[in-house]
Structures are given as structure tokens and as C-alpha cells.
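Chain residues, written in single-letter form:
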Amino acid sequence: MPQRRETTRVTSAETVLAYAFDAAAFTASEAIDATGLTRSTVLAACTELVRLGWLRDLDDARAAGEYRKGRPARRYELDADAGVVVGVDAGQHRVTALVADLRGAVLARTEGALGESGLEVPVRLAVTEDTVASALAAAGVEPVRVLVTVVGIPAPVDATGASPDDGGFWNSMNPGFAGVVPHGVVVVENDANAAALAERPSSGDASFAALLSGERFGAGLVVDGALLRGARGGAGELRVLDLVDGVSSSDGIGRTARTLVRAARAEGLVDDGSLLGGDEEPGAAEVFAAAALRDPVALEVVDRLGDRLARVCVLLASLLDIDRVVVAGAIADAAEPVIDRAREHLAAWEYDPTPEVVASRLGGDVVVLGAVARALDTVHADPLAFPLPAAQGVVTA
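Every value quoted in this text rests on a predicted model; they were computed, and no experiment measured them. (Residues numbered from 1 in each chain as written. Predicted model: local features only at pLDDT ≥ 70, side-chain atom pairs only at ≥ 80, totals over all residues. Heavy atoms only, no water.)

**Looking at the packing of helix H9 (residues 296-320) against helix H10 (residues 336-349)**
As a reminder, the rule being used: Angles shown run from 0 to 180 degrees and are taken between the N-to-C directions of axes, each axis being a line fitted to C-alpha atoms and, for helices, limited to the stretch in contact. To qualify as a helix, a DSSP run of H or I must reach at least 4 residues; to qualify as a strand, a run of E must reach at least 2; elements of each kind are numbered from the N terminus. For classification purposes, angles smaller than 35 degrees are called roughly parallel, those larger than 145 roughly antiparallel, those between 65 and 115 roughly perpendicular, and all remaining angles oblique. For a crossing to be left-handed, the near helix must be turned anticlockwise from the far one by less than a right angle; the clockwise case is right-handed. The contact criterion used is simple: two residues touch if any of their non-hydrogen atoms lie within 4.5 Å. Each residue is assigned to one of three groups, with Ala, Val, Leu, Ile, Met, Phe, Trp, Tyr, Cys and Pro labelled nonpolar, Asp, Glu, Lys and Arg labelled charged, and all others, Gly among them, labelled polar.
The N-to-C vectors of H9 and H10 enclose an angle of 60 degrees; their axes lie 7 Å apart at closest approach. Of the possible angle classes, the one that applies to H9 and H10 is oblique. The hand of the H9/H10 crossing is right-handed. Between H9 and H10, the residues in contact are Val302, Asp303, Leu305, Gly306, Asp307, Leu309, Ala310, Arg311, Cys313 and Val314 and Pro337, Val338, Ile339, Arg341, Ala342, His345, Leu346 and Trp349, respectively. In the contact of H9 with H10, the residues fall into 12 nonpolar, 2 polar and 4 charged.

Encoded structure:
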């Protein structure tokens, strides 16, 4: 990334650009009121930002029909197409990529399947590369327009993008993506942390945990507005659940539902008349649907899952004094019966603090949406460090 220019003009331009990221079309007077800068400084900053490709110089207010008397005011807006960001959810079995403009509007979405080969590094890297390339092609975007690509992975990630060497799973999940996603700045992020970034708008000022809950439990933790990472990126990894009575592992709701049904079948508790019978092993959503129809084995599974989820919520709330737990991931919509049961357990136990437990509304895209949010945060943190293709005379369409 180019070095930041430390001049008065850059500082003023950054201030105006920060306003433009959140504003619609604006006049210099509106920018003055929002930033506190002088008119001459704002006009100079806008001229510079137009030259650099960040702003569009629009028709003046009189031409736009918004001005009646006197000298017409010049109008500007962020050029949201000046560059793009890419978010990637590189899970163990699937890769999802989103391309978004500088306001976060999604331009394209693609998926790639890893199947059972997700631990094979060459396969993982090749599928990630192909999925990102397909997303850019679907969006009609040349790679040169990508400012930041963020890759969310199921492993702890420190501030440098590295994962601890566990000699196995974490190494496979984070083998190094810069070589296969060579578009702009490449950032690697923990998937639960990405989910927490995606959930920020829905949680407001609350301290909360975004709890990925499908195959494993992993939490992205936002406390007093700050995302917690830890020195090695391990905050929220939840390996401690192996030692928690009534939980005993970090297996998530989906995996545990299958395990409990399998055990019930082995004990002969699932007969031919059960909704959980048949040759195929039911998934979590089928178990929860069966519980809604009062299948006794499914009801027992839901109760045990609710108890387990409630214990995880108590642990998080007791350690971090958080206000809410957002159950996230593809399992979230189907898991409402489990969440309802967890709420009942929490109310009965009368622990203090008792967090609010809610289901995410972002579904299986919560991680990739969080990766896009992280990419936009990276651009917003130092936008003028990113040279835009148009400002360099690069033809992109």
C-alpha cells in the first residue's frame, strides 16, 4: 500500500471524503456545516478529490432544480464505482465471494464447493482463486479496480493476518491467500469476527457476541464498541467449552443435533413411526421441524440443545458482561426452537447478567457480508493511500 501523504491538503481531503462516504449528493455549504472546515478549504479538498477520482462533480444546484436565487452552489457525490471491495468466506467445505462498491452495494455473488477436500491446501487455494475471479467477472469488474479483499476463515487470526501453528486444521485454513487473490490489499480475518462486524448495525451500542453455531461454536466479541482479538487472535475461539459442564465440546448446534439423533437411533429410541426415522440421517432443520410436530425424540434433542446454548450464553455473559448473543450462520433461521428453549433455561436459572439471545437475520452469508464490512473499514481508515485506477488513467471498462 502506498505511504500516506502527511500534508494539510490530505488531512482536509480525508475529512471531506469521510463525510462523502456517508452522505448523498452534497454542496460545499453542507460539507462545511458537517466538517467545520472553511469554504476555501472544502472547495480545495473537493477539487482534489475529484482529481483523484473519489468524488464526482455534479450539475450545480440550479441545474438540479434545487436552487432558485443567487449564485448556484456546486454539488458533489462519492463515486461509488471508483473502486470495489471483495469479501470472501473461505469455509472448510465452501467458498463464497461478494463484490461490492464503495457504499457496500453488492454487485455479484459466487460460490465454489470444496466438498471433503477443504483441508487440501492446493484445492483450497485454487477454489478460492476461481471463486473470486468468477465474482469479478459476474460483476463486470477488472481486477485492477479491487482496493481490498478480505478473506474470512475458520481459524484464529492475529493482527498481522497469521494463525497460530497448530500443525493441522488452522494451518490448512490459513495457507496464505495473497498469491491467489492478488487484487489490492489482501486481509485475512477470523470468520466469527467477520460475523460480528456484519452484525454491528443490528446490535447498535450493545456489547454482543456473534456466535457462529452450525458445525462449531465460535464467537466474534464486540465489547464497548471494540472488536476483541487477543494477542494471537484467539478471543472467542471457545475451546474452553471442552471443560464446561453440560457442553463438553465446541461442536455447534447443527453438528450436535446430528450427534444426538444418531445416539437416539443407536439406543433404539427412533422407531419406524418417528419423523426422524428412515435411512437418511436428518439434518438439524429436519429435527427442529419434527420438534414443532411434537416428535418426542426431536423435542428431547431441542431441549438438550437449548440447555447447551444457554450454558454457552451464560459463560459469555459472565466473562464479558455482554448484552446479547446473536446466534449466527446458516443454522440461525432454523434454530429458533433451540433459541426459544435457551431463553427459557436462562430465565429459570436467574443468572445475572442474563443476555438477550436472538437469531441473526443474515443467514449463511453473515461471514462474507462481514468480510465486505471489514474491507470497507480498511478503505475508510486511510482512503487516500489507495490510488484509484481512473486517476492513473487506467481504462477499466
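**Looking at the nonpolar core**
Our working rule: As used in this record, nonpolar core signifies buried Ala, Val, Leu, Ile, Met, Phe, Trp, Tyr and Cys residues forming a set joined through side-chain atoms within 4.5 Å. When a residue's accessible area, from a 1.4 Å probe over protein chains only, is under 20% of the maximum for its type it is buried; when over 50% it is exposed; and in between it is partly exposed.
With 46 residues, the main nonpolar core has Leu211, Ile253, Phe288, Leu309 and Leu316 as its most contacted residues. It is H9 that contributes the most residues to this core, 12 residues altogether. Not counting residues within four places of it along the chain, the set of residues in contact with Phe288 comprises Ile253, Val302, Leu305, Ile331, Ala334, Ala335, Pro337 and Val338. By size, the runner-up hydrophobic cluster in this structure holds 38 residues, among which are Phe21, Cys46, Leu55 and Ala100.

**Remarks on unusual backbone geometry**
Across the chain, the bulk of peptide bonds are trans and the bulk of non-glycine residues have phi less than zero. In the segment running from Asp352 into Pro353, the intervening peptide bond is cis, with an omega of 5 degrees. Residue position: Pro353 is located in the loop between H10 and strand E13 (356-359). Of note, Asp224 is a non-glycine position whose phi angle comes to about 55 degrees, a positive value. Mapping Asp224 onto the fold places it in the loop between strand E10 (218-223) and strand E11 (226-227).

**Some words on the packing of aromatic side chains**
To be explicit about the condition: Pairing of aromatic rings covers Phe, Tyr and Trp, the last counted by its six-membered ring, and requires centre-to-centre distances within 6.5 Å; plane angles under 30 degrees mean stacked, over 60 mean edge-to-face, and any other angle means tilted.
One pass over the full model with this rule turns up 4 aromatic pairs. Arranged with centres 6.1 Å apart and planes meeting at 80 degrees, the rings of Phe21 and Trp54 form a pair that is edge-to-face. Separated by 33 residues along the polypeptide, Phe21 in helix H1 (residues 8-22) and Trp54 in the loop between helix H3 (39-52) and strand E2 (55-58) bring together distant segments of the chain. Considering the side-chain rings of Trp349 and Tyr351, the 6.4 Å spacing of their centres and the 85 degrees angle between planes classify their relative orientation as edge-to-face. Here the aromatic cluster, defined as three or more aromatic residues joined through ring pairs, consists of Tyr19, Phe26 and Tyr76.

**Section: helix H11 (residues 366-381)**
The cut-off we apply is this: Take the residue count of a helix, subtract one, and multiply by 1.5 Å to get its expected span.
Spanning 16 residues, H11 covers 22 Å between terminal C-alpha atoms, matching the ideal 22 Å at 1.5 Å per step. Turning to H11, its buried residues are Val366, Val367, Val368, Gly370, Ala371, Val372, Ala373, Ala375, Leu376, Thr378 and Val379.

**Some words on the pairing of strand E9 (residues 208-212)**
For clarity, the cut-off: Whether two strands pair comes down to DSSP finding at least two bridges between them.
Counting buried residues in E9 gives 5 out of 5 residues, a clear majority hidden from the surface. With burial as the criterion, each face of E9 is covered, one bearing Phe208, Ala210 and Leu212 and the other bearing Ala209 and Leu211. Both E9 and E10 contribute to a ladder of 5 bridges, which runs antiparallel. Across the sheet, Leu211 pairs through a bridge with Ala219, a residue of E10. What sits between the antiparallel neighbours E9 and E10 is a turn of 5 residues. Here E9 runs beside strand E12 (residues 324-328); their pairing, made up of 5 bridges, is parallel.

**Considerations on the environment of Leu376**
Along the polypeptide, Leu376 turns up in helix H11. It is 15 Å that separates the C-alpha atoms of Leu376 and Val366, two residues lying 10 residues apart in sequence. Apart from the residues lying within four places of it in its own chain, the contact partners of Leu376 are Val85, Asp101, Leu102, Arg103 and Gly104.

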